[in-house]
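# Per-entry structural report
Take a look at the letters that make up each chain.
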Amino acid sequence: MSSTNKSIQEKTSELSKLVEWFDSEDFTLEAALDKFKQAEKLAVDIEHDLTSLKNEINIVKKKFDSDN
Amino acid sequence: MEKSKNQPIFSVSDFIAVVNQTFEYAYPNIEVEGEVSSFKVNQGKFIFFDIKDSGGSVGCFMTVWQLRTPIEDGMKVIVSAVPKLTQWGKFSLTVKSVRPSGEGALKKSFELLKAKLEAEGLFALDRKRQLPTSPQHIAVISSTQAAGYADFIKIINDRWGGLKVDVAHVQVQGTGAPDQIIRAINYFNQQESLPEVIVVIRGGGSADDLAAFNDELLVRAIATSRIPTLVGVGHETDESLADLVADVRAATPSNAAQILVPDKNEIIRAVHVQVSSLLPRIMQLIDQQKQLIMERLYSVIEVIERAVDERVVQLSSLRSVLLQLNPNTVLARGYAIVKGIIKTGSMIEIETNKAILKAEVINVINK
């Protein structure tokens, strides 16, 4: 995970909100550049998180060949 | 036991007991293949049938709970049994398990059980639960030595990260497989921290190899799992009852991995596309603003131009009025200007368009 503690899902949802802002009535050209920079950073963070996370595979020790 | 000329004399009960001990010693478990006939269920608990071939017939006995796959007269089966002489002197096989033998019997058994479970509503769409879109903890039931398992893990690792995968290594074919898979399902369902999905996978194989996934108790265990289930058994064309009862069916183990987790590469691509679509959006909005400003400017210019035009028209009309009022214009129309005192005998000046005349007033007649 990248420096912040946000999950990938949180970051993806944050990015979606930023993208929605560009189509919303709140859009102003003055704020657009800042928002764009935030979106760019989130995209880089998400890519970093997704590529660095590894799966943890555990083989259960219990034997299933009998009821015990 | 008495003895007669070195020959033991048994009571009937002892003889039966000795015969059964001999059977148990000689044949602790035998498998017999043959065709089912005279199949019947007594009191909903006990099953009796004969197993026969062209040369003979043997009676079989078992309980309904031991019958894991439906059978009927004419089906070829393999019974796993212990030979027994009953107290009435009848020889029979006490059956521990029955499995269909041959493609036709497997198919018939599959269809019978499918119809039964379908009638109970086990395959109904409204029973199906959705799988979480991005699970964090999953359980996998498979043989860790199977190719299908290796495919599944490879694709999971290629597509997603951060997943906790608990794997129950079980037999995925043969008579012991259904019970092992059932135990693994129960094991995961009893965990304190429940996995979000149970995935049951097995690669392709013959109809006999895949028969374990048509076991009635296994199908019911999948149906009653409180954890949603994803089953990917065999190839795309294979259909098992475990597939039908699962919340989600995958065509293959690889397909199960694709269904289970999103593809991180697609997400990364989509995220960058989302962001790069913002810049043209900003540029488009700047262009729109520019256009709006230009339109407003043009409309202001238009208002000014219209006002100027109106003034020009006004001036022109005033000019023409002024022109009409010009004494020279009046003179040009033939009128004359008379200057001086108008009385008889006085001298006056008369100005016409072309000359100025001096004249004497001869007579004045008032109008």
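Nothing here was measured: the structure is a model prediction, and the numbers come from that model. (Residues numbered from 1 in each chain as written. Chains lettered and ligands numbered in written order. Predicted model: local features only at pLDDT ≥ 70, side-chain atom pairs only at ≥ 80, totals over all residues.)

### Details of the overall build of chain B
Note the threshold: Each helix is a run of DSSP H or I of at least 4 residues and each strand a run of E of at least 2, with the numbering of both proceeding from the N terminus. Burial is judged by counting other C-beta atoms within 10 Å of a residue's own C-beta: 20 or more means buried, 12 or fewer means exposed, and anything between counts as partly exposed, with every C-beta placed from the backbone. Throughout, a pair of residues is in contact if the C-beta atoms placed from their backbones lie within 7 Å.
What chain B contains, in helices and strands, is 11 helices and 15 strands. Looking at chain B as a whole, 26% of its 367 residues are labelled buried. In chain B, once contacts between residues fewer than 6 apart in sequence are set aside, the share between residues at least 24 apart is 60%.

### Focus: the overall build of chain A
For chain A, the count of helices and strands is 2 helices and 1 strand. When the 68 residues of chain A are sorted by exposure, 18% land in the buried category.

### Notes on the nonpolar core
Here is the rule we go by: Each nonpolar core reported here comprises buried Ala, Val, Leu, Ile, Met, Phe, Trp, Tyr and Cys residues connected via C-beta atoms within 7 Å. Where each domain begins and ends follows an automated or database-derived domain assignment.
Counting 63 residues, the largest nonpolar core has Ile141(B), Ile181(B), Ile185(B), Val199(B), Ile222(B) and Ala242(B) as its most contacted members. Among the elements that line this core, the one with the most residues is helix α4 (residues 177-189) of chain B, at 6 residues. Formed jointly, this core draws a minimum of three residues from each of two domains, domain 1 (2-101) and domain 2 (125-265) of chain B. Those residues in contact with Ala242(B) that lie beyond four places of it in its chain are Val200(B), Phe213(B), Leu218(B), Val219(B), Ile222(B), Val231(B) and Val233(B). Counting residues in hydrophobic clusters, the runner-up holds 9 residues, among them Ala43(A), Ile46(A), Val271(B) and Val275(B).

### Side note on the interface of chain A and chain B
Worth spelling out the cut-off: Classification convention: Asp, Glu, Lys, Arg as charged; Ala, Val, Leu, Ile, Met, Phe, Trp, Tyr, Cys, Pro as nonpolar; all other residues, Gly among them, as polar. Should DSSP find at least two bridges between two strands, the strands are regarded as paired.
Counting from both sides, the interface comprises 25 residues of chain A and, opposite them, 34 residues of chain B. Elements represented by at least two residues in the side of chain A that touches chain B include exactly α1 (8-23), α2 (29-52) and β1 (56-59) of chain A. Ranked by the residues each element gives to the side of chain A that touches chain B, the list is headed by α2(A), at 9 residues. Of the residues assigned to the side of chain A that touches chain B, the class counts are 15 nonpolar, 3 polar and 7 charged. Here β1(A) pairs with strand β9 (residues 164-169) of chain B via 4 bridges, running parallel. Within the sheet, the bridge partner assigned to Glu56(A) lies in β9(B) and is Lys164(B).

### Side note on the sheet that holds strand β11 (residues 229-233) of chain B
The test is simple: Where helices are involved, their axes are fitted lines through C-alpha atoms of the stretch in contact, as for all axes, and angles between N-to-C directions lie from 0 to 180°.
The sheet built from 6 strands is open, its strands ordered β1(A)-β9(B)-β8(B)-β10(B)-β11(B)-β12(B) with parallel pairing. Looking at strand neighbours, the two that pair on one side only are β1 of chain A together with β12 (248-250) of chain B, the edges of this open sheet. Strand-to-strand twist of the sheet, defined as the mean angle between neighbouring strand axes without regard to direction, takes the value 20 degrees. When strand β8 (residues 137-142) of chain B meets β9(B), the two strands line up parallel, connected through 6 bridges. By the bridge assignment, Ala139(B) is partnered in β9(B) with Asp166(B).

### Re the pairing of β11(B)
Residue and element names in this part refer to chain B. Within β11, 5 of the 5 residues are buried, which leaves it mostly tucked inside the rest of the structure. Residues of β11 alternate between two faces, with Thr229, Val231 and Val233 on one and Leu230 and Gly232 on the opposite face, all of them buried. Summarising the sheet, strand β10 (residues 197-202) and β11 pair through 5 bridges and their orientation is parallel. By the bridge assignment for β11, Ile201 is matched with Gly232. Note that β11 and β12 share 3 bridges and pair parallel. Bridge pairing in β12 links Val231 to Arg249.

### A word on helix α8 (residues 253-260) of chain B
The cut-off we apply is this: In this description, one arc is meant: the one made by directions from the helix axis to the C-beta atoms.
Every buried residue belonging to α8(B) is among Pro253(B), Ala256(B), Ala257(B) and Leu260(B), and all of these are buried. Projection of α8(B) onto a plane perpendicular to its axis shows the buried side chains occupying an angular sector of 100 degrees, all on one side.

### Describing the sheet that holds strand β14 (residues 347-351) of chain B
All names here are of chain B. The 3 strands are arranged β13-β14-β15 in an open sheet whose pairing can be described as antiparallel. Only two strands of the sheet have a single partner each, and these edge strands are β13 (337-339) and β15 (356-360). Strand after strand, the sheet turns through a mean of 25 degrees between neighbouring axes, direction not considered. Of the pairings in the sheet, the one linking β14 to β15 comprises 5 bridges and is antiparallel in character. Residue pairing in the sheet places Ile348 in a bridge with Ala359 of β15.

### Considering unusual backbone geometry
Residues and elements named next belong to chain B. Phi angles above zero are rare outside glycine, and Ser38 is one such case at about 55 degrees. Structurally, Ser38 is set in strand β3 (residues 30-42). Of note, the phi angle at Gln43 is positive, near 55 degrees, even though the residue is not glycine. Relative to the assigned elements, Gln43 resides in the loop between β3 and β4 (46-53).

### A short note on the confidence of the model for chain B
All names here are of chain B. Put simply, the rule reads: pLDDT is a residue-level measure of predictor confidence that goes from 0 to 100.
The predicted model of chain B averages 91 in pLDDT, with 99% of residues at 70 or higher. Within chain B, no element has a lower average pLDDT than strand β1 (residues 2-4), which sits at 60, and none a higher one than β8, at 97. Scored by ipTM, the complex comes to 0.82, with pTM at 0.69.

### Focus: the packing of α4(B) against helix α6 (residues 216-224) of chain B
Residues and elements named next belong to chain B. Test applied: Roughly parallel means an angle under 35 degrees; roughly antiparallel, over 145; roughly perpendicular, 65 to 115; everything else is oblique. By definition, any crossing whose near helix is turned counterclockwise from its far helix by less than a right angle is left-handed, and any crossing with a clockwise turn is right-handed.
At their nearest, the axes of α4 and α6 sit 9 Å apart, and the two run at 15 degrees to each other. Relative to α6, α4 is oriented roughly parallel. Of the two elements, α4 crosses α6, and the hand of that crossing is left-handed. Residues Pro178, Ile181, Ile182 and Ile185 of α4 form the contact with α6, whose participating residues are Leu217, Leu218, Ala221 and Ile222. In the contact of α4 with α6, the residues fall into 8 nonpolar, no polar and no charged.

### Brief notes about the environment of Ile59(A)
Assignment of secondary structure puts Ile59(A) in strand β1. Discounting chain neighbours no more than four positions away, the residues touching Ile59(A) are Thr144(B), Val167(B) and His169(B).

### Brief notes about the packing of α2(A) against helix α9 (residues 264-276) of chain B
Relative to each other, α2(A) and α9(B) sit at 170 degrees, their axes nearing to 9 Å. Relative to α9(B), the element α2(A) is oriented roughly antiparallel. Of α9(B), the residues touching α2(A) (which contributes Ala39(A), Glu40(A), Ala43(A), Ile46(A), Glu47(A) and Leu50(A)) are Lys264(B), Ile267(B), Ile268(B), Val271(B), His272(B) and Val275(B). Of the residues that constitute the contact of α2(A) with α9(B), the class distribution is 8 nonpolar, 1 polar and 3 charged.

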